[in-house]
Amino acid sequence: MAGGGSFAPPALCRKPREAAISHSPSAIVTHSSSSPAPAVSFVNVSRHFGEVKAVDGVSLDINDGEFFSLLGPSGSGKTTCLRLVAGFEQPTAGSIQLHGEEVANLPPYERDVNTVFQDYALFPHMTVGENVAYGLMIKKVPKPERDKRLGEMLELVRLPGLAGRRPSQLSGGQRQRVALARALINHPRVLLLDEPLGALDLKLRQQMQIELKAIQRQVRITFVFVTHDQEEALTMSDRLAVFNLGKIEQIGSPAEVYEHPATAFVAGFVGVSNLIRGEIAQAITGSAQTFSIRPEKIQLRDLGQPVSGDEYSVEGRIRDVIYLGMHTRYLVELSGGSDLTVVEQNLRTTSMDVLAARGRAVRLVWQKAHVRPVGN
Amino acid sequence: MATSSPTRKSLWHRLSTFFYLRPGLTLAAMLAAPLLWLGVVYVGSLFALLLQSFFRLDDFTGQVVRRFTLYTYSQLFTAANIDIMIRTSGMAAAVTLACALVAFPVAYYMARHAEGRAKAALYLAVLLPLWSSYLVRVYAWKLILAKEGIVSWFISQLRLDWALDRILQLPVIGGPSLSVSMLGMWLVFVYVWLPYMILPIQAALERVPQSLIDASGDLGARPAETFRKVILPLAFPGVVAGSIFTFSLTLGDFIIPGTIGNSSYFLGQAVLSHQGTAGNVPMAAALTAVPMVIMAVYLIIAKKLGAFEAL
Ligand SMILES: Nc1ncnc2c1ncn2[C@@H]1O[C@H](COP(=O)(O)OP(=O)(O)OP(=O)(O)O)[C@@H](O)[C@H]1O
Ligand SMILES: [Mg+2]
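Residues numbered from 1 in each chain as written. Chains lettered and ligands numbered in written order. Predicted model: local features only at pLDDT ≥ 70, side-chain atom pairs only at ≥ 80, totals over all residues. Heavy atoms only, no water.

(A) Region of the structure containing the pairing of strand β14 (residues 311-323) of chain A. Residues and elements named next belong to chain A. Where β14 and strand β17 (residues 361-367) come together, seven bridges link them in antiparallel fashion. Considered in β17, the bridge of tyrosine 312 is made with tryptophan 366. In terms of strand pairing, β14 meets strand β15 (residues 327-334) through seven bridges, oriented antiparallel. Considered in β15, the bridge of tyrosine 323 is made with threonine 328. (Pairing = 2+ DSSP bridges. Helix = DSSP H or I, 4+ residues; strand = E, 2+ residues; numbered from the N terminus.)

(B) Spotlight on the pattern of salt bridges. In total, this model carries 21 salt bridges over all chains according to the counting rule given. The salt bridge partner of Arg317(A) is Glu333(A), with a shortest N-O separation of 3.5 Å. With Arg317(A) in strand β14 and Glu333(A) in strand β15, this residue pair connects regions lying 16 residues apart in the sequence. Residue classification places Arg317(A) among the partly exposed positions, given a relative accessible area of 40%. For Glu333(A), a relative accessible area of 26% corresponds to the partly exposed category. Each member of the salt-bridge network shares a partner with another, and the members are Arg47(A), Arg83(A), Glu89(A) and Asp214(B). (Salt bridge = Lys/Arg side-chain N within 4 Å of Asp/Glu carboxyl O. Buried < 20%, exposed > 50% of the residue type's maximum accessible area, 1.4 Å probe, protein only.)

(C) Representation of the interface of chain B and chain A in the model. Taken together, the contacts link 20 residues of chain B with 26 residues of chain A. Taken together, the two surfaces of chain B and chain A that pack against each other cover about 1,800 Å², and 61% of this comes from carbon and sulfur. The largest per-residue losses of area from chain B upon contact with chain A belong to Asp218(B), Leu219(B) and Lys229(B), which jointly make up 36% of the total buried on that side. Inspection of the chain B/chain A interface yields two salt bridges. Put simply, chain B and chain A have seven residue pairs in polar contact (both at pLDDT 80 or more) between them. Looking at the side of chain B that touches chain A, the elements that each hand over two or more residues are α10 (210-218) and α11 (223-252) of chain B. Its residues assigned to classes, the side of chain B that touches chain A shows nine nonpolar, five polar and six charged. (Contact = heavy atoms within 4.5 Å. Buried area = accessible area lost by both parts, 1.4 Å probe. Polar contact = N/O pair within 3.5 Å; in protein donor to acceptor, adjacent residues only side chain to side chain. Nonpolar A, V, L, I, M, F, W, Y, C, P; charged D, E, K, R; others polar.)

(D) Looking closely at the sheet that holds strand β13 (residues 299-301) of chain A. All names here are of chain A. The strand order across the open sheet built from five strands is β13-β17-β14-β15-β16, with neighbouring strands paired in antiparallel fashion. Two strands bound the open sheet, and with one partner strand each, they are β13 and β16 (339-345). For this sheet, the mean angle separating the axes of adjacent strands, direction not counted, is 45 degrees. Lying over the sheet, helix α11 (residues 278-285) contacts β14, β15 and β17, oriented at roughly 125 degrees with respect to β14. (Axes fitted to C-alpha atoms, helices over the stretch in contact; angles between N-to-C directions.)

Shown next as structure tokens:
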């Protein structure tokens, strides 16, 4: 039940897909072939605000029915991308297509897309029921039908009986569900979610992650999910795009992005990575090519212990020990002066043991296969 | 520092702690002066005034008879007085309506579009007239609207004198010239009270987050629908607040009707003449109760319409 927040990438990931960065626009325009057009397609899309390049030459395809995350640090252009899809922003350059249809000049109210806003944006002067049924009311759906769908929707987000309340009388988690129901009731073809769980506490967030995922499987709508939480992106997505400074650094499944970070930025942002470059890299691998190694892949051994042929090793001194209950994080200072982070599970060790390791000289060993060369 | 002056510090400390632990007492201490002002000077004098309305003026002696009676109120509902009430309320309603219609677009632009210097300039433009004397502005308008004034001149330059004449011939709102007509009075009222309508509407609109407007469009509403279903209901408390100002200020004003109007009386003038010229303070007090009752009814209707639900 509470497994939603586990750190490892989900074992259940879809069959490998080709990286969806499309370099030639022609690949998208031809949708006469048998494969359906992508739900959302960006071709070289830019959105500049004066000097600020909020989105800068982004190309990506999001498949129909996919749970796709936009992951990136604050200010990397995720929200702007979402607003471009919703129609609140117009691209400075490039083309945006929804299900093969160019939407450049389509206002938000004519796009078959709905948004769950970061601040939920519930109408304070309406009840929960009026909020959720707002889209149907605008479409002039008859009242009986509206009420029926409202009931179903409140059931789906597990808020039955709250239709008469005001948004101000709800908790944060309940508001989040109302916002979700208000968007889903219109059966959009694409649902956009802008950090919908950002305002919730950890426990509730993990529960909502599971529920969101379950709802997505049930309604089979394409979800485009914005988050700056890499753990959330890894656990929930079918595929994700990692953003930095308005550009996409990598697109892939959680396992691909985690195991094979394409750039130094991705290696550092998705999970924790040790980046080793220059002379130290030369000393370890015999090449100055920068590489990354995950902290959990490194073993701590005593100085004298042997190293096998398929392993790399380097010596260092434990500079700091951070005891985290389930596991321990060691900061190991290498002779070159840089630090490596090592994480070990506390299988047999106690806090006393690990804390006593501070200052000890150790040998760090890892499998050659776990080393990822990264570009800069 | 901590030990240098233990007695003084501990006294100060004790006092702070004393009040910190008794929030009710702190509140009372802070509110005592303003509450005294509000209770005694403000409400108290109003109460004293209303008390007067239950006395009567002895017609022979010209003295106020200090005994409870509803005689003065019964005198209130003469045909002439009812005329005055209807005229004043009608003007207040017309002024409020016009103020709301003119103020809303201005306030909307100020709140949702203007930025930086343009916004500051707009604020200044709205507030600047309030810094000059109200009396001077009313007299200025008297000249502007006069038969030989700039408005007439401008209209005759446009060769539209006939239209103005036609309008001035209309029964209730017309008159010999704009400066002695209900129409002119209405224009001046709208002008002087406009800032009191713009500012609350602007404040209300400013508090509507952009994301609500985005959300409405996202859910399929065209801009006009978004305006009706989201922006207007959320700005409505501001409109009501503004209309309380414009309505009650018009109800009580006696300078503009005295300066711009024809000779027909308004409530404020009636109060003035009863109280000053005739010395009939009970009657003046009873007349003062009229706008209070009208405002109370107005607010009850506004509440029924759901004006305060979004607060
Ligand atoms: N309307 C705007 N005018 C000017 N600059 C803007 C505007 N909207 C966004 N930006 C800038 O564009 C960049 C990207 O913003 P965006 O909101 O897309 O970031 P984000 O990835 O969603 O960040 P966060 O995680 O903090 O929400 C930022 O530098 C931001 O300051
Ligand atoms: Mg954002």
